[in-house]
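# Report on the structure
The primary structure of each chain is shown beneath.
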Amino acid sequence: MRRKDLLGLQDLSKEEINRILDVAARFRSVSERRIKKVPPLRGRTVVTAFFEDSTRTRLSFELAAKRLSADTLNFSAKGSSTAKGETLMDTARNIDAMRPDAIIIRHAAAGAPHMLARAFPCAVINAGDGINEHPTQGLLDLLTMRDHLGDLQGRTVAIVGDVYHSRVARSNLFGLRALGARVRVAGPGTMCPPGLSELGAEVCHGIDEVVEEADVIMMLRIQRERMGPAMMSSSREYSRFYGLDLERLKRARPEVLVMHPGPINRGVEMSPDVADSTRSVILEQVTNGLAVRMALLYLLLGGEEAPDAAS
Amino acid sequence: MRRKDLLGLQDLSKEEINRILDVAARFRSVSERRIKKVPPLRGRTVVTAFFEDSTRTRLSFELAAKRLSADTLNFSAKGSSTAKGETLMDTARNIDAMRPDAIIIRHAAAGAPHMLARAFPCAVINAGDGINEHPTQGLLDLLTMRDHLGDLQGRTVAIVGDVYHSRVARSNLFGLRALGARVRVAGPGTMCPPGLSELGAEVCHGIDEVVEEADVIMMLRIQRERMGPAMMSSSREYSRFYGLDLERLKRARPEVLVMHPGPINRGVEMSPDVADSTRSVILEQVTNGLAVRMALLYLLLGGEEAPDAAS
Amino acid sequence: MRRKDLLGLQDLSKEEINRILDVAARFRSVSERRIKKVPPLRGRTVVTAFFEDSTRTRLSFELAAKRLSADTLNFSAKGSSTAKGETLMDTARNIDAMRPDAIIIRHAAAGAPHMLARAFPCAVINAGDGINEHPTQGLLDLLTMRDHLGDLQGRTVAIVGDVYHSRVARSNLFGLRALGARVRVAGPGTMCPPGLSELGAEVCHGIDEVVEEADVIMMLRIQRERMGPAMMSSSREYSRFYGLDLERLKRARPEVLVMHPGPINRGVEMSPDVADSTRSVILEQVTNGLAVRMALLYLLLGGEEAPDAAS
């Protein structure tokens, strides 16, 4: 891979995306073995710097690094120098001075990873920046779809919920468009404004309209912590108009895939029986997340041999 | 070991307990060497998932895994998806999707580890579930007693304090009964109700009564955080009636063992001079805890060679 | 090294300090390699026990241990048995019972590391005890100065700010005096009382007076969290009288070094243009911190071969 960093899917080509997914698919087998560890990143240092809480994403990166034999360090913003008034750049300069090979950053400010990537020689991976992108989530979603559907060219993916504030939706949108898929989005007006069409999405307003034609239905998490009370009158109402339950799912194609980036608000954006149905590939997404992160660390840190040879 | 999980001592046979203790006794030497690490779990993944705080138990498991060369991941409930409203099962499904070899769980709900054990293929170890069991604490206590007393058949163990709410007491009770020991319990009426006799304990009410005949006196921690003010009028009063001080210890056999699961409330359940006396084996309990956890991880994850050969 | 512990620089000889710095200088290269890991502490256990928050110092120690192939455990006071009322010594006895090779302790009480060092056979490293000492910070500062100035005999180091409450200042003072440097301190009267001259410092009160002659200007962090409002009327006033800005820096020698232990309060003790100027060696301090901690762990844990041979 020619890139130093992974900051978003917006500027990735179809070829680059497919290369990452190919390597990820091969790394998947490492986690199915008894000895779940390969040596290519032995003696390399991977730092996770999460300025927003996200246990599951952080652990996925940490485990990806460990299964490649890297050493990991967890920098968390709580009780850190950030809390003592240090700027992000000063914190990052301090991390850089310890010579990490990669920094995985999650930050509330869109563009924070880009700032670090420009400033430092190590690889920077965006693990979510504000409402901008969450590219490893996008890649794991693409891998999951590709597993089931093969080439995504001409496929239709419905994204439902708070598309406007979702970095998951944005990364998916960029990735899906690069791979030639059609993206249709639906959600309450404030969460799914017409302006999204500039990004290449078809903005619909009813969930039923997008469900019927879809090869994939991706339900977004309602992030109650990010929204004011004005945006939706209640969870129950949201669920009635935009939640996916079995009744609604019946209108979809029988082979449709149901996805969710997790953690699920069961009973809000998705009913429990849908989350646990045979159409749900939610847990495959988690497994693929680990593989995608292994692939990225491997490729960005300059794995020269093919991963099969390295194992 | 034929088991996939360790959920409690209630259903363990004498033979199974002794097998674990035998392996633990052999692993103890690893921690006394200069190079405190053996290879049998290289490339295996051990996840600690503590939904209640317990630094020392978590670190003991983490170090046990590391000394067997496993990789460890710490999932803590703070700031995690649990805090975002995810159910325990969804959290666990996510952990499982990363293919751990073992999950060590502590949870406020009795039965939580059992639910995970049924649902997932990996080994599940109960590190404390509500007021049900804390089996590795029970095993380390048994190992400590066995070291000093040999066969526990016919020995008398006094357990003093809040027996009713103590998962430590319950696990000890099951283990001690399996090994043929006699268990006598004492504590304030609300903490030591007559119903405990159904579990095989002799319920006494005065501490002096149980101290005199005992081969072992196990003082339980008063968990002030779990009790309302009605249960005991004050720490000082508790200490006077149920605390162990040197005066009381004089009535016991000269070779009696004094145990405590820690952390000690010095001056409440035990006076400092007793905690530090030659009869106290409290720190041996900690050392044995590490060995027992190494043995369990080794046995549950399918160590085939004898641990001596593996070292 | 003949010592078991590193508790402070007060009792270190010039020869001991130079030996540590020599080893640190050699270890520095490990972090510049592709494979940033050497084997001398494989199978050894290093526990960090931080009873005060300090992400950056903790991570520096943790990474130092990992780059020497040791296993690390992080004991943090939050949610730990300390929070449940356990004494420091009981907590430490519990850590010791798991047979660590080294305990790195930060604690609000001066003398806490000394208490542990006397009680336990493992190496104890002071990572900051109250307002007493922070010896690894002192050593990394000395290494940074030595890199630029060579022998420090007869050199002049200015320390500016809250010298009285600064363990960083104290460790530097002891180390600099041992190496024959002259130390001049300046700060508001309550932060820089005349009594400091008993430690070998020349107490001045104006910053301009110390800046002019200095080979090194070390600006201390204003720890707003430790001070009452009476000690300084405002950050702005502090900055005007005791902050280092470009205007003031012009009065210093052209080759002067500007240092700061971090995290910087930009605009308070130092203006951003000074922090980022060519005279600033602040990030070299961080890099040297890692090397000094590797050297100490290596020397205290009995590295017998020369570190070059070990790599």
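Above this text is the structure in question.
The present account deals with the structure reproduced in this document. (Residues numbered from 1 in each chain as written. Chains lettered and ligands numbered in written order. Predicted model: local features only at pLDDT ≥ 70, side-chain atom pairs only at ≥ 80, totals over all residues. Heavy atoms only, no water.)

## Quick word on the overall build of chain A
Scanning chain A from terminus to terminus reveals twelve helices and nine strands. A compact globule built from 311 residues would reach a C-alpha radius of gyration of about 19 Å, and chain A, at 19 Å, matches this within 12%. Oriented by its inertia axes, the alpha-carbon framework of chain A measures out at about 55 × 45 × 35 Å. With 311 residues in all, chain A has 62% of them scored as buried. Considering only contacts within chain A whose residues lie at least 6 apart along the sequence, 74% involve residues at least 24 apart. Approximately 11000 Å² of chain A is accessible, and the part contributed by carbon and sulfur atoms is 50%. Counting 42 positive and 39 negative side-chain charges, chain A places the averaged centre of each group 4 Å from the other. (Helix = DSSP H or I, 4+ residues; strand = E, 2+ residues; numbered from the N terminus. Rg over C-alpha atoms; globule rule 2.2 N^0.38 Å. Buried < 20%, exposed > 50% of the residue type's maximum accessible area, 1.4 Å probe, protein only. Contact = heavy atoms within 4.5 Å. Areas by Shrake-Rupley, 256 points an atom, 1.4 Å probe, with all protein chains shown as cover. Lys, Arg positive; Asp, Glu negative; His and termini not counted. Charge placed at Lys NZ, Arg CZ, Asp CG, Glu CD.)

## Notes on helix α1 (residues 14-27) of chain B
All names here are of chain B. Relative to the 20 Å expected for 14 residues at 1.5 Å per residue, α1 spans 20 Å between its end C-alpha atoms, a close match to the ideal helical length. All of the buried residues in α1 are Ile 17, Ile 20, Leu 21, Val 23, Ala 24 and Phe 27. Take α1 and look down its axis: the buried residues cluster within an arc of 165 degrees, on one side only. (Expected span 1.5 Å × (residues − 1). Arc of directions from axis to C-beta.)

## Let's talk about the pairing of strand β1 (residues 45-50) of chain B
All names here are of chain B. For β1, a buried count of six out of six residues is recorded, marking the element as mostly surrounded by other parts of the structure. Residue alternation in β1 divides its side chains into two sets, Thr 45, Val 47 and Ala 49 and Val 46, Thr 48 and Phe 50, and both sets are buried. Note on the crossover from β1 through helix α2 (residues 55-67) to strand β2 (residues 71-76): the handedness is right-handed. (Right-handed = clockwise from strand over helix to strand, strands pointing away.)

## Digging into the side chain of Thr 144 of chain B
Residues and elements named next belong to chain B. With respect to the helices, strands and loops of the structure, Thr 144 is situated in helix α5 (residues 135-149). Residue class for Thr 144 comes out buried when judged on its relative accessible area of 0%. Polar contacts involving the side chain of Thr 144 include one to the main-chain carbonyl oxygen of Leu 140, which spans 2.7 Å. Sequence-distant contacts of Thr 144, defined by excluding residues within four places in its chain, comprise Met 259, Val 281, Glu 284, Gln 285 and Asn 288. (Polar contact = N/O pair within 3.5 Å; in protein donor to acceptor, adjacent residues only side chain to side chain.)

## Side note on the interface of chain B and chain A
Chain B puts 28 residues into the contact, and the matching count from chain A is 28 residues. In total, about 2500 Å² of surface goes out of reach between chain B and chain A, with carbon and sulfur atoms giving 49% of it. Among the salt bridges present, the one from Arg 56 of chain A reaches Glu 86 of chain B, with a minimum N-O distance of 2.1 Å. The interface formed by chain B and chain A holds 14 residue pairs in polar contact (both at pLDDT 80 or more) in total. (Buried area = accessible area lost by both parts, 1.4 Å probe. Salt bridge = Lys/Arg side-chain N within 4 Å of Asp/Glu carboxyl O.)

## Quick word on the sheet that holds strand β6 (residues 182-186) of chain A
Residue and element names in this part refer to chain A. Strand order across the open sheet formed by five strands is β7-β6-β5-β8-β9, with parallel pairing between neighbours. Both edges of this open sheet fall to β7 (201-204) and β9 (257-259), since each of them pairs with a single strand only. The sheet shows a mean angle of 20 degrees between the axes of neighbouring strands, direction not considered. In this sheet, β6 lies alongside strand β5 (residues 156-160) in parallel orientation, the contact comprising five bridges. When the sheet's bridge partners are listed, Ala 158 is paired in β6 with Arg 184. Helix α5 (residues 135-149) contacts β5, β8 (216-219) and β9 of the sheet and is inclined by roughly 165 degrees relative to β9. (Pairing = 2+ DSSP bridges. Axes fitted to C-alpha atoms, helices over the stretch in contact; angles between N-to-C directions.)

## Focus on the relation of the copies chain B and chain A
Its rotation angle being 120 degrees, the transformation that places chain B on chain A also includes 0.0 Å of axial translation and leaves an RMSD of 0.0 Å. This pairing of chains is accounted for by a three-fold axis. (Least-squares fit on C-alpha atoms with pLDDT ≥ 70 in both.)

## A word on the pairing of strand β4 (residues 123-129) of chain A
Residues and elements named next belong to chain A. Counting buried residues in β4 gives seven out of seven residues, a clear majority hidden from the surface. Bridge analysis of strand β3 (residues 102-107) against β4 gives five bridges, and the strand direction is parallel. Bridged to Ile 104 within β4 is Ile 125. In this fold, the crossover linking β3 to β4 by way of helix α4 (residues 112-119) has right-handed handedness.

## Comments concerning the interface of chain A and chain C
On the chain C side, the residues contacting the 28 residues of chain A number 28 residues. Of the roughly 2500 Å² buried between chain A and chain C, counting both surfaces, carbon and sulfur atoms make up 49%. Seen at the junction of chain A and chain C, the total is five salt bridges. Here chain A and chain C share 14 residue pairs in polar contact (both at pLDDT 80 or more) between them. Taken together, the elements giving at least two residues each to the side of chain A that touches chain C come down to β2 (71-76) and α3 (88-96) of chain A. Among the elements that line the side of chain A that touches chain C, the one with the most residues is β2 of chain A, at six residues. In terms of residue class, the side of chain A that touches chain C is made up of six nonpolar, eleven polar and eleven charged. (Nonpolar A, V, L, I, M, F, W, Y, C, P; charged D, E, K, R; others polar.)

## Concerning empty space enclosed by the protein
Residue and element names in this part refer to chain A. Summed over all chains, the structure comprises four cavities of 30 Å³ or more. Space inside the largest cavity adds up to approximately 50 Å³. Considering the residues around the largest cavity, the lining is formed by Ala 49, Phe 51, Leu 88, Thr 91, Ala 92, Ile 95, Ile 103, Ile 105 and Leu 116. Counting residues per element, the lining of the largest cavity draws most heavily on α3, which supplies four residues. The class makeup of the residues in the lining of the largest cavity is eight nonpolar, one polar and no charged. (1 Å grid on protein atoms, 1.4 Å probe; cavity = no way out; pocket = protein on both sides within 12 Å on 5 of 7 lines; lining within 4 Å. Points joined across faces, edges and corners; volume = space filled by probe spheres on them.)

## Section: the packing of aromatic side chains
The final tally for this structure, using the stated rule, is nine aromatic pairs over all chains. Centre to centre, the rings of Tyr 238 of chain A and Tyr 242 of chain A are 5.8 Å apart; their planes meet at 35 degrees, and the pair counts as tilted. In this pair, Tyr 238 of chain A and Tyr 242 of chain A are both assigned in helix α8 (residues 235-242), four residues apart and thus about one turn of the helix distant. Overall, the relative accessible area of 3% leaves Tyr 238 of chain A in the buried class. By relative accessible area, which is 15% here, Tyr 242 of chain A ends up buried. Ring centres 5.1 Å apart and planes at 75 degrees place the aromatic pair Phe 27 of chain B and Tyr 298 of chain B in the edge-to-face group. Note that Phe 27 of chain B is positioned in helix α1 and Tyr 298 of chain B in helix α11 (residues 282-300), a separation of 271 residues in sequence. Comparing Phe 27 of chain B with Tyr 298 of chain B shows no difference in burial state: the two are buried. (Phe/Tyr/Trp six-rings, centres within 6.5 Å; stacked < 30°, edge-to-face > 60°.)

## As for α3 of chain A
Judged by how many residues are buried, α3 of chain A sits mostly within the fold: eight of nine residues are covered. Buried within α3 of chain A are the following residues: Leu 88, Met 89, Asp 90, Thr 91, Ala 92, Asn 94, Ile 95 and Asp 96 of chain A. Packing partners of the buried residues in α3 of chain A comprise β1 (45-50), β2, β3 and α4 of chain A together with α2 (55-67) and α11 (282-300) of chain C.

None of the figures reported here should be taken as evidence of function without further support.
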